[in-house]
Amino acid sequence: MTARREWVVLGTITVAWLGLLLGFALLTPAFGAPDEPAHVDAAFRLALGLGWPHGGEMHYLAAIRQIVEHPVPAVDRPTVDALLAAVPGDSPAIDPMSQNPPTYWLVAAGILRLIRFGAHDWATSVLVLRLFDVVLVTALPVLVWATVRRVTRSPRTALVAPLLLFAVPQLAQVGAGVTSWAPMILLGAVLVWLSVRVLTGDRSWWTTAGLAVAVTGLAAISALGLLAVPFVVLVFALARDERGERGERDRDRDRDRDQRTARPWRRSALHAGVVVVAAAAVSGWWWVRTLLVSGTLLPDALRGVTTVQPYPSGGANPGAFAGRQWDGLTASFFGDFGANQWPLPPMVVDALAIIGLVALGWSYARRGAGRRVMTIALVWPALVVVATLAYNWRNYLGTHQGNGLQGRFLFVAVVALVLSQAVAWRALVVRPELRRRLARIAAVGSFAIALYGIGIAYRGAWENVQFRVTPGGLSAMAGGSLAGPLPIALAGALFLVAAVAAAVFVWRAAAVPSTTAAVPGTTAAVPSTTTAPVTGLPLESPPTHEPTVRKENS
C-alpha cells in the first residue's frame, strides 16, 4: 500500500470519527452526558473565582441546579450573568469533582473567561466546552493507527484497527461531553503509543519527554492517572535492548561484557526516573495533601449524602457484586447513552465483550508477531480494571451499593485494548481471504454499531425512547438542543459521507492481493502491496532495530 493511499484512508476514518463526535456533542441535550452537570458546575465555579474546596465540601451553584432541574427552550435561555443574578448562591447538593485536582476545570474556566461567558446564554458555554473536548479526542484514530502499525508492521491491519473505535459509541459520547475524561483519553492514548515505541526499541529522549508529559497530565487530572507511573516503570524495565540481543557486532570485541549488559539497565532506569520525577514534581503535592486530609488518595465525596441501603439476607454477596460489575462495566463501556439511561441491547453488549475476550485468550495459543508487546501494553487496562473494581468494592462495603457504571474508566486504555484485538485477530486469522472478509466485516459492522448508538441517543433524548422519528421529536430537538437542527444535520452528513467513503476504501484495499515483504532485521514477513519502503507517514518512522541514542566513541 502506497503512503498516499494510507494517508487518504486514515484521513477519511479520522473525519468520520470527527463527524461522530460532533453528532453526539450537538445531539445530546444539555447536561445529558455522564456527570456533565458536575463538570460544568466545577468549571463555572473556577471561572467565577470561587475556589476549590476539599472533596465533599463543594456545593453546586444554585443556578446550575436550576437549569438542570428546570430546562427551558432555547429562546428562553438567559445569559449567565442574568442567571446568576436571578439564582445566586449555592445549593445543598454536593458536587463531587473537588475530590480530584482542579487541572481540567482550570483550563475549562480559562476558556469560559476567554469567551466572556457571562454575556452569553449558558448553553453557549456548555457547547464551547463540548467542542473543546471534541478537539482533544479527534486524533484518537491516528494514535490507534500509529500504535498498531508500529507493532504489526502491517498497513492494512493498522488501517482496520481504528474502525474498532466506532464499535464503542459510548467512547464518542463521553469524549463529546463536558468531562475531564476527554484529556484523560487523549493522554492515555499517547501513553500507550509511546510505550509501544519504547517496547519496540525507541530510546530517544523525545519519546521519554512525551511519556513524562502524558504521565504527568494523567496524574494531574485524576487519581486513576497515578496508575500510569508504575506502568511506565514496567515498560522501561521490560523493554528489550535490540543492540544487546544482537551481541553488539558494531562494538569493539574487547568491550567488557558486564559493562555492555549493565548500561541498558542504567539507561532504562534513567529514562523511567525522568518520567517519575516529572509526575511527582507537578502533582505529587496534591496527592500528599489529599492523603493527609482524607486518609485516602480518592475520597468519596458523596459518601456523606449517600443513603446506606441494607444488605439482602446473608450480608455482602461477592457473586451478586461481580454480576452487577459485569453488567454495569460492559454496558457503560460499549454504550449506555445519556446519563447512563439508554443502553445498547444487552445481547449486543455481551456479544461484543465475550467475542473480544475469547479472541484475545485464544490468540495466546497461536504464535504471532507482537504478542509480547501486546501483553505488556495490556497491563495498563488491567491496572485500570483492578483499581475500578477495588473502588467499587470499597463503596459496596460502605454504602451497600455498587452499580459498576464506570466503564468509561477503561477509555484511558482504549488504544491498548484495540491493539490487543488487532494482534489477536491477526494471529487467529491467517488465510488472506479470511483476513479480507474480516476487514470488511469490521468496517461495515463498526459503522453500523456507531449509527445505531446515535439512533438510541436520539430516541432517548427526543422521542421518549420510542423507535421512531416524528415531527414532534424533531421539533423538540430543534428547540432544546444546544445549537439547533442545522449543525446537527451537517454533523450527521459529515459522519455518513466519511463513514461510507472509509468503508469503501477499506473494502477495496482488502480486495487488492498482497505480496510479502520481509522486515529488515527480523525473520518475519508482513503483508504489503509493495516491496518499496513506506515513509513520510504521520507519527511513523522506519523500523527501530537499535535504541535511538547517540553512539558513543570507543
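Analysis parameters
Residues numbered from 1 in each chain as written. Predicted model: local features only at pLDDT ≥ 70, side-chain atom pairs only at ≥ 80, totals over all residues. Heavy atoms only, no water. Helix = DSSP H or I, 4+ residues; strand = E, 2+ residues; numbered from the N terminus. Buried < 20%, exposed > 50% of the residue type's maximum accessible area, 1.4 Å probe, protein only. Contact = heavy atoms within 4.5 Å. Areas by Shrake-Rupley, 256 points an atom, 1.4 Å probe, with all protein chains shown as cover. Expected span 1.5 Å × (residues − 1). Phe/Tyr/Trp six-rings, centres within 6.5 Å; stacked < 30°, edge-to-face > 60°. Lys NZ or Arg CZ within 6 Å of the ring centre and 35° of its normal.

Asker: Give a detailed account of the overall build of the protein chain, specifying residues and quantitative values.
Answerer: Across its full length, the protein chain holds 23 helices and five strands. When the 554 residues of the protein chain are sorted by exposure, 51% land in the buried category. Look at the contacts in the protein chain between residues 6 or more apart in sequence, and 82% of them connect residues 24 or more apart. Entry remark: accessible area of the protein chain is about 24,300 Å², with carbon and sulfur atoms responsible for 65%.

Asker: Hey, could you go over helix H2 (residues 36-47) for me, with residue numbers and the actual values?
Answerer: Taking 1.5 Å as the rise per residue, H2 with 12 residues should run 16 Å; its terminal C-alpha atoms sit 16 Å apart, in good agreement. Of all 12 residues in H2, 12 are buried, a share of seventy percent or more. Along H2, the residues that are buried comprise Glu 36, Pro 37, Ala 38, His 39, Val 40, Asp 41, Ala 42, Ala 43, Phe 44, Arg 45, Leu 46 and Ala 47. Structurally, H2 contributes buried residues whose contacts are with strand S1 (59-61), helix H3 (62-69), helix H4 (80-86), strand S2 (90-94), helix H5 (103-114) and helix H6 (122-137). Among the residues trailing H2, Gly 49 stands out with phi positive, at a value near 75 degrees.

Asker: Break down the packing of aromatic side chains for me, with residues and values.
Answerer: In this structure the tally under the stated criterion is 17 aromatic pairs. Considering the side-chain rings of Phe 31 and Trp 122, the 5.6 Å spacing of their centres and the 25 degrees angle between planes classify their relative orientation as stacked. Residue Phe 31 is found in the loop between helix H1 (3-27) and H2, and its partner Trp 122 is found in helix H6; the two are separated by 91 residues along the sequence. Between Phe 333 and Phe 334, the aromatic rings sit 4.9 Å apart at their centres with planes inclined by 90 degrees, giving edge-to-face as the arrangement. Residue class for Phe 333 comes out buried when judged on its relative accessible area of 10%. For Phe 334, a relative accessible area of 11% corresponds to the buried category. Here the aromatic cluster, defined as three or more aromatic residues joined through ring pairs, consists of Trp 17, Phe 166, Phe 447 and Phe 495. The ring centre of Tyr 60 lies 4.7 Å from the NZ or CZ of Arg 65, which sits over that ring. Stacked on the ring of Trp 122, the Lys or Arg Arg 77 has its end atom at 5.2 Å from the ring centre.

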